[in-house]
Amino acid sequence: MTTPNSFAHNAYSAALQSAYAHLADGEESGAVVNVAGRVMLLRTQGKLAFATMRDSTGEIQLFALAALTGEFEEFAKLHLGDWVGITGEVVRTKRGELSVKVASWVRLAEALHNFGDKWAGISDFDLRYRHREADLWANPVSRRSLSRRSEMLRSVRERCWAANFMEVETPMLNAIPTGAAARPFRTHHNALDSELFLRIAPELWLKRLVVGGFERVFELGRVFRNEGLSPRHNPEFTMLELYAAYWDYRDMMSFVEELVSGVAIDVLGTTETEYQGRAFSFAAPWPRRTMASLVSEALGEDVSVHTSLEHLTQLLTERDVEVHPSWGPGRCLAELFEATCEQDLWDPVFVTEYPVEVSPLARRHAEDPELTERFESYAAGRELSNGFSELIDPVDQRSRFEQQARLAAAGDDEAMQIDEDYIKALEWGLPPTAGLGIGMDRLAMLIADEPSIREVIAFPTLKPLRD
RNA sequence: GCGCCGGUAGCUCAAUUGGCAGAGCAUUUGACUCUUAAUCAACAGGUUCCGGGUUCAAGUCCCGGCCGGCGCACCA
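Along each chain, numbering runs from 1 in the same order as the chain's sequence is written. The order in which chains are written sets their letters, starting at A; the order in which ligands are written sets their numbers, starting at 1. Predicted model: local features are reported for residues with pLDDT of at least 70 only, side-chain atom pairs are reported and counted for 80 or more only, and whole-chain, interface and lining totals are derived from all residues. Excluding hydrogens and water, the side-chain values take into account all heavy atoms of the structure.

A.B. asks: Hey, could you run me through the overall build of chain A in this one?
C.D. replies: Assigned secondary structure in chain A consists of 13 helices and 18 strands. Projected onto its principal axes, the C-alpha positions of chain A cover 90 × 55 × 50 Å. Per-residue burial for chain A yields a buried fraction of 49% across its 467 residues. For this analysis, residues touch if any pair of their heavy atoms sits within 4.5 Å. Put simply, 66% of the contacts in chain A that link residues at least 6 apart link residues at least 24 apart. Note on areas: Shrake-Rupley, 1.4 Å probe, and residue coverage restricted to the protein chains presented here. With an accessible surface of roughly 22,600 Å², chain A has 51% of that area assigned to carbon and sulfur atoms. In this tally Asp and Glu are treated as negative and Lys and Arg as positive; neither His nor the chain ends contributes. Charge placement uses NZ in Lys and CZ in Arg. For Asp and Glu, CG and CD serve respectively. Distance from the positive charge centre (48 side chains) to the negative charge centre (72 side chains) of chain A: 6 Å. Per the convention used, a helix needs a DSSP run of H or I reaching at least four residues, while a strand needs a run of E reaching at least two, with both numbered from the N terminus. Per-residue accessibility, obtained with a 1.4 Å probe over protein chains only, is compared with the maximum for each type, and a residue is labelled buried under 20%, exposed over 50%, and partly exposed between these values.

A.B. asks: So what exactly am I meant to see when it comes to the pattern of salt bridges here?
C.D. replies: Oppositely charged side chains can pair when the atoms bearing their charge come close. The salt bridge criterion pairs a side-chain nitrogen of Lys or Arg with a carboxyl oxygen of Asp or Glu, the two atoms within 4 Å. Across all of its chains, the model carries 26 salt bridges by this definition. Residue Arg-128 is joined to Asp-135 by a salt bridge in which the shortest nitrogen-to-oxygen separation is 2.8 Å. For the pair shown, Arg-128 and Asp-135 are each scored as buried. Linking Arg-222 and Glu-236 is a salt bridge whose minimum nitrogen-to-oxygen distance equals 2.6 Å. Residue Arg-222 is found in strand 10 (residues 216-224), and its partner Glu-236 is found in strand 11 (residues 236-245); the two are separated by 14 residues along the sequence. Note on Arg-222: relative accessible area 37%, which makes it partly exposed. Look at Glu-236 and you get partly exposed, because its relative accessible area is 28%. Linked by salt bridges that have partners in common, Arg-128, Arg-132, Asp-135 and Glu-455 make up one network.

A.B. asks: Would you mind showing me how to read the sheet that holds strand 9 (residues 194-198) here?
C.D. replies: Strand pairing in a sheet takes place through backbone hydrogen bonds and is either antiparallel or parallel in direction. A pair of strands is labelled paired if DSSP reports no fewer than 2 bridges between them. The strand order across the open sheet built from three strands is 7-9-8, with neighbouring strands paired in antiparallel fashion. A strand with exactly one partner marks an edge of an open sheet, and here the two such strands are strand 7 (173-174) and strand 8 (186-189). Bridge count between strand 8 and strand 9: four bridges; the pairing is antiparallel. Pairing of Thr-187 across the sheet is with Leu-196, part of strand 9.

A.B. asks: It is not clear to me how the packing of aromatic side chains should be interpreted in this structure. Could you clarify?
C.D. replies: The relative placement of two aromatic rings is captured by the distance of their centres and the angle of their planes. Pairing of aromatic side chains here covers Phe, Tyr and the six-membered ring of Trp, requires ring centres within 6.5 Å, and sorts the geometry by plane angle: under 30 degrees stacked, over 60 edge-to-face, intermediate tilted. Taken as a whole and judged by the stated rule, the model has 15 aromatic pairs. Ring centres 6.4 Å apart and planes at 70° place the aromatic pair Phe-401 and Tyr-422 in the edge-to-face group. Of this pair, Phe-401 sits in helix 11 (residues 394-409) while Tyr-422 is found in helix 12 (residues 420-427), placing the two residues 21 residues apart along the sequence. This pair shows no difference in class: Phe-401 is buried, exactly as Tyr-422 is.

A.B. asks: Can you help me understand helix 12 in this one?
C.D. replies: Every α-helix winds through 3.6 residues per turn, so residues three or four apart in the chain are directed the same way. Residues of helix 12 that are buried include every one of Tyr-422, Ile-423, Ala-425 and Leu-426, and no others. On an axial view of helix 12, the arc spanned by its buried residues comes to 155°, and they lie on one face. Polar contact is defined as a pair of N or O atoms within 3.5 Å, subject to the rule that within protein one atom must be able to donate a hydrogen and the other to accept it, and that residues adjacent in sequence are counted only when both atoms are side-chain atoms. Measuring from the backbone nitrogen of Asp-421 back to the side-chain oxygen at the start of helix 12 gives 3.2 Å, which picks out Asp-419 as the cap. At the C-terminal side of helix 12, Gly-429 shows a positive phi close to 105°. Throughout, the arc means that of the directions going from the helix axis to the C-beta atoms.

A.B. asks: For this particular structure, what's the right way to read the state of the cysteines?
C.D. replies: Here a disulfide denotes a covalent bond joining the sulfur atom of one cysteine to the sulfur atom of another. In this description, the term disulfide denotes a pair of cysteine sulfurs within 2.5 Å. This structure, assessed with the given rule, holds zero disulfides. Of the cysteine sulfurs around Cys-332, a residue in no disulfide, the closest is that of Cys-341, at 15 Å.

A.B. asks: Any chance you could explain the side chain of Thr-340 here in plain terms?
C.D. replies: Positionally, Thr-340 belongs in helix 10 (residues 329-340). Classification of Thr-340 as buried rests on a relative accessible area of 15%. From its side chain, Thr-340 meets the backbone oxygen of Leu-336 in a polar contact 2.7 Å long. Those residues in contact with Thr-340, other than ones at most four positions away along the chain, are Ala-298, Leu-299 and Arg-319.

A.B. asks: Is there a simple way to think about the domain arrangement of chain A in this case?
C.D. replies: As a measure of interface size, the accessible area lost when the parts come together is often cited. Domains are outlined according to an automatic or database domain assignment. When its domains are assigned, chain A resolves into domain 1 (13-109) and domain 2 (140-286 + 347-456). Each of domain 1 and domain 2 was reduced to a C-alpha centroid, and the two centroids are 49 Å apart.

A.B. asks: I tried to follow the confidence of the model for chain A on my own but got confused; where do I start?
C.D. replies: The predicted coordinates should not be examined in detail at positions where pLDDT is low. Confidence scores per residue from the predictor, reported as pLDDT, run from 0 to 100. With 100% of its residues at a pLDDT of 70 or more, chain A has an overall mean of 94. For this predicted complex, the interface confidence comes out at an ipTM of 0.92, alongside a pTM of 0.94.

A.B. asks: Whenever I open this one, the environment of Leu-65 confuses me. Can you help?
C.D. replies: As for its placement among the helices and strands, Leu-65 is situated in strand 3 (residues 58-65). For Leu-65 and Arg-157, which are 92 residues apart along the polypeptide, the C-alpha to C-alpha distance reads 49 Å. Those residues within four positions of Leu-65 in sequence are excluded, and the remaining contacts are Lys-47, Leu-48, Phe-72 and Lys-101.

A.B. asks: Whenever I open this one, the sheet that holds strand 2 (residues 48-55) confuses me. Can you help?
C.D. replies: Spatial strand order, 1-2-3-5-4: five strands in a closed barrel with mixed pairing. On average, each strand axis in the sheet is tilted by 55° relative to the strand beside it, whichever way the strands run. Note that strand 1 (residues 28-45) and strand 2 share seven bridges and pair antiparallel. Bridge pairing in strand 2 links Thr-44 to Ala-49. In this analysis, axes come from line fits to C-alpha atoms, helices being fitted only over the stretch in contact, and the angle between any two N-to-C directions falls in the range 0 to 180 degrees.

A.B. asks: What is the right way to read the protein's contact with RNA strand B from this model?
C.D. replies: One heavy atom within 4 Å of a molecule or strand makes the whole residue count as near it. Around RNA strand B, the structure places 51 residues, and the nearest of them are Thr-93, Arg-95, His-233, Asn-234 and Glu-414. Between a base oxygen of RNA strand B and a side-chain N or O atom of Arg-43, the distance comes to 2.8 Å. Separating a base oxygen of RNA strand B from a backbone N or O atom of Lys-94 is a distance of 3.2 Å. Where the surface near RNA strand B is concerned, the elements lending two or more residues are strand 1, strand 2, strand 3 and helix 3 (125-130). A total of five residues in the surface near RNA strand B trace back to one element, the largest contributor, which is helix 3. Residue polarity is assigned by list, with Asp, Glu, Lys and Arg as charged and Ala, Val, Leu, Ile, Met, Phe, Trp, Tyr, Cys and Pro as nonpolar; anything else, Gly included, falls into the polar class. The class makeup of the residues in the surface near RNA strand B is 18 nonpolar, 13 polar and 20 charged.

Right under this line is the structure:
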């Protein structure tokens, strides 16, 4: 089958629907347009045929008549899913449907597979994820969710640019995977004959750019973590990381709540929405609660990073959390938080004052050296963002890395490695700086009201098919 | 990685206690000059995910494998 290499397209369905909304039933506009799209439905009726055609903006009816339409017999045999280019007059049928009355037409592509039941669509997860192209045609919710993700990314960029942040790119292939606690993917560079890792975070590179004098930078990009899959985890996911010189973590919290609530307004038009059937509000400001106060509230007794290790261990054991011998009070407090509080945080909230033990890159708190100026925001029971006043002291940074190295030696395969280049960068002087990471996929889940991360990733990671 | 659940026509789904594998849509053919998931008629469409086993008889029961969903673990 031969099809043309191009089509002189000049009109979109949504624009026609609004431009000719005034057209009365049975009225003809006199305007001839070239539209193109996919045949979604076809209703033939003897010497008439009606098709519903969809393009990227919406749908419009095609109205073909044996007396007018060229190659009418062939038009009436189009397959659902075929791409067509149409030339014809914009009219409204007697029954009130805005239509393009087909004078001439051409098939632009043939669909050799169908797009599922025309009423039920495609629901099989395997088929939807492995062939998203079919899912997108069959299921309007899939189109809406991925569109919202795109609008979210646009809004995030525009708001970062508006706040004078500069978009930068840093290496994805790293000799040392660092900037977060996670297992990496390994690869190998042939010419250099060296082992490389896909990045688990761009954090250290971005701070080196701040050392270099770029006072506000952000990177919106993919990171890779060799961890399990779940409705909330994909091995590759998109993160916004952002650094601002002269800010501390409080300034960054203000920025985060403004950014996220602003994105909700840009995409949804409101901060008041629903997530999975339950009311959810993006509205700023978000409450700021210290980790110790939340855990104390949940336990009904005052605990903190200064509570004895023995007592914290006992509290964890009572909750069936296995305590690793390398854990100190800080790690225990963080584990208690996860066990007792995390899943109950619904509307966005900042959890602050993380123990230094679980925050190897964060600056010590001005009032308590066992704590850091760090926050994480939680929404719908899961972590949404992570940020802190950055540790700028190269001596302290080295000792933190050494602590991580001890954890690694004790069997923690997600502990960070010592990055000498990064320490040297700090020795050139990092000004007081606050940093932020936000998981874009999880934000997209909230904005699109989707229960699974796979629904907001066009092509989620799946197990390859084998015999 | 572990547990629970699922996989039947291209798609969406039925199939009673283990007893002839079905429907709608799509496809094919025919009818129809204002349809809206058009309607009507007819034809065709199957390795019941794969491989073993039990049985007179397996979509159904048992064992192993593949893929998916959810939960746990890991993590964001």
